[in-house]
Amino acid sequence: MRDMNDTTDPGAGGADFGAIAPHYVARARVQQRAAAQLFDLLGIGPHDAVLDLGCGPGHLTAKIRELTDGPVTGVDAAAGMIGEARRVYAGHDIAFRQASAAGLDDVAAFDRIFCNSALQWMKPAEPALAACHRALRPGGRMAVQAPATARYCPNFARAMERVARDRQTGPIFARFVSPWTLLESAQDYRALFEGQGFKVAAARMEMAMAGYAAGEALGVFDSGAAAAYLNPDCYPMHLPRGYAAAVRRIVHDALTEQATDGRVDLVFHRVYLLAEKP
Ligand SMILES: C[S@@+](CC[C@H](N)C(=O)[O-])C[C@H]1O[C@@H](n2cnc3c(N)ncnc32)[C@H](O)[C@@H]1O
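Residues numbered from 1 in each chain as written. Predicted model: local features only at pLDDT ≥ 70, side-chain atom pairs only at ≥ 80, totals over all residues. Heavy atoms only, no water.

K.L.:
Describe the packing of helix H6 (residues 154-165) against helix H11 (residues 243-257), and please don't skip the residues or the numbers.
P.N.:
Interaxial distance between H6 and H11 falls to 9 Å at its minimum, and their mutual angle equals 125 degrees. Relative to H11, the element H6 lies oblique. Judged by the sense of rotation from one axis to the other, the crossing of H6 with H11 is right-handed. Listed contacts from H11 to Asn155, Phe156, Ala159, Met160, Arg162 and Val163 of H6 are Tyr243, Val247, Ile250, Val251, Asp253, Ala254, Leu255 and Glu257. Residue classes in the contact of H6 with H11 are distributed as 10 nonpolar, 1 polar and 3 charged. (Axes fitted to C-alpha atoms, helices over the stretch in contact; angles between N-to-C directions. Helix = DSSP H or I, 4+ residues; strand = E, 2+ residues; numbered from the N terminus. Parallel < 35°, antiparallel > 145°, perpendicular 65-115°, else oblique. Left-handed = near helix turned anticlockwise from the far one by under 90°. Contact = heavy atoms within 4.5 Å. Nonpolar A, V, L, I, M, F, W, Y, C, P; charged D, E, K, R; others polar.)

K.L.:
Quick one: what's the story with the confidence of the model for the protein, residue by residue and with numbers?
P.N.:
Overall, the predicted model of the protein reaches an average pLDDT of 91, with 91% of residues at or above 70. Note that pLDDT drops below 50 for residues 1-15; the model gives that stretch 44 contacts with residues more than four away or on any other chain. (pLDDT = per-residue confidence, 0-100.)

K.L.:
Could you give me a rundown of the side chain of Gln120, with the residues and numbers involved?
P.N.:
Locating Gln120 in the fold gives a position in the loop between strand S4 (110-116) and helix H5 (125-135). You can call Gln120 buried: its relative accessible area is 7%. (Buried < 20%, exposed > 50% of the residue type's maximum accessible area, 1.4 Å probe, protein only.)

K.L.:
How would you explain the packing of helix H9 (residues 214-222) against H11 if you had to name every residue and give the values?
P.N.:
It is the contact of H9 with H11, at a shortest axis distance of 9 Å, that shows an interaxial angle of 135 degrees. Looking at the two axes, H9 sits oblique to H11. H11 is crossed by H9, and the crossing has right-handed handedness. Contact residues: H9 offers Ala214, Ala217, Leu218, Phe221 and Asp222, while H11 offers Arg248, Val251, His252, Leu255 and Thr256. Grouping the constituent residues of the contact of H9 with H11 by class yields 6 nonpolar, 2 polar and 2 charged.

K.L.:
Break down the pattern of salt bridges for me, citing the residues and quoting the values.
P.N.:
Here the structure, examined in full by the defined rule, presents 10 salt bridges. Asp48 is the salt-bridge partner of Arg112, the closest N and O atoms lying 3.6 Å from each other. With Arg112 in strand S4 and Asp48 in the loop between helix H2 (29-42) and strand S1 (50-53), this pair connects stretches of sequence that are 64 residues apart. For the pair Arg112 and Asp48, a shared accessibility class is recorded, and that class is buried. (Salt bridge = Lys/Arg side-chain N within 4 Å of Asp/Glu carboxyl O.)

K.L.:
Which residues make up the sheet that holds strand S2 (residues 72-76), and what values go with them?
P.N.:
Read across the open sheet, the 7 strands follow the order S3-S2-S1-S4-S5-S7-S6; overall the sheet is mixed. Each end of this open sheet is capped by a strand with a single partner; those strands are strand S3 (95-98) and strand S6 (199-213). Taking each pair of neighbouring strands and ignoring which way they run, the sheet shows an average axis angle of 15 degrees. Here S1 pairs with S4 via 3 bridges, running parallel. Bridged to Val50 within S4 is Arg112. Contacts from helix H8 (residues 186-194) reach strand S5 (136-147), S6 and strand S7 (263-276), with the element oriented near 135 degrees to S6. (Pairing = 2+ DSSP bridges.)

K.L.:
Quick one: what's the story with unusual backbone geometry, residue by residue and with numbers?
P.N.:
In this chain, Lys123 is followed by Pro124 through a cis amide linkage whose omega measures 0 degrees. With respect to the helices and strands, Pro124 occurs in the loop between S4 and H5. Despite not being glycine, Ala108 has its phi angle at roughly 45 degrees, a positive value. Among the secondary structure elements, Ala108 is positioned in the loop between S3 and S4.

K.L.:
I'd like a rundown of the nonpolar core, residues and numbers included.
P.N.:
The biggest cluster of nonpolar side chains holds 34 residues, and the ones touching the most others in it are Phe156, Phe221, Tyr229, Val251 and Leu266. Broken down by secondary-structure element, the contributors of at least two residues to this core are H6, helix H7 (170-173), S6, H9, helix H10 (226-229), H11 and S7. Considering each element in turn, this core owes the most residues, 6 residues, to H11. Those residues in contact with Tyr229 that sit more than four places away from it in its chain are Met160, Phe173, Phe176, Trp180, Phe221, Tyr235 and Tyr243. Ranked by size, the runner-up nonpolar core spans 31 residues in total, among them Ile113, Leu119, Met122 and Ala275. (Core = buried A, V, L, I, M, F, W, Y, C linked by side-chain atoms within 4.5 Å.)

K.L.:
Lay out the pairing of S7 with the relevant residues and their values.
P.N.:
Among the 14 residues of S7, 10 are classified as buried, and the element is accordingly described as predominantly covered. Sheet analysis places S5 next to S7, joined by 7 bridges and oriented antiparallel. Each bridged residue has a counterpart across the sheet, and for Gln145 the counterpart in S7 is Tyr272.

Here it is in structure tokens:
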């Protein structure tokens, strides 16, 4: 392993969503597969006003635009994501806004809220869901898909265990403060939404597996998990230069070792939930 002070970081993803915005869509295959199911669950009507919450660079917001002639809004906390969305989808009649979910100030403005692979970043989740409840019209619906359980991706969990054991990265990773809301059961998610006044129509957990080349699997890591593990805001002290590169190298090696015939089966535990504002 190269020294952590070696700052050359071949192909490194960024440490936050703003930084990874330009590469996000190409790497976010896992999120996109799950999104297809979320569209089915939410059921967007032809005139619905729709909010895409945690919209990232807007690729799913653009799909929503094709489903309704009502107003479509994309909201994301990361300025880089909103900048990318505005650039790519200029002229698509989508209002992109930078805001955190908890900071939404819309009142009874939407018929549907679509939230794909973003709820896990809302911590605590309660203020975010209270704002969503306020933003929906009575009878309006919110559908969520998110990674769930502490070992939401056992492959990444095993790789990070190796980071924890490593002489150089271990003492730093020991101080990682998780920014994630990851609940253990569908019942836990149901209770979270009901606590904010929603009626939960459906909640289920799913385990999905997909094969990737080791390099691609690292791209999947970069499209989500890395935005926490490599994010200086998730550590109570300054990160030494080269920490991100060292972690990515260890994760890459671990994923390569998990491969059979060059392919890694990445497992993801996810929650799918549909809630209604009575
Ligand atoms: C994994 S990406 C998902 C993007 C897109 N929805 C998709 O499915 O590909 C998570 C997104 O949630 C955004 N996000 C994280 N915390 C947020 C919050 N509290 N409020 C709004 N957006 C947030 C991030 O900036 C990021 O763009």
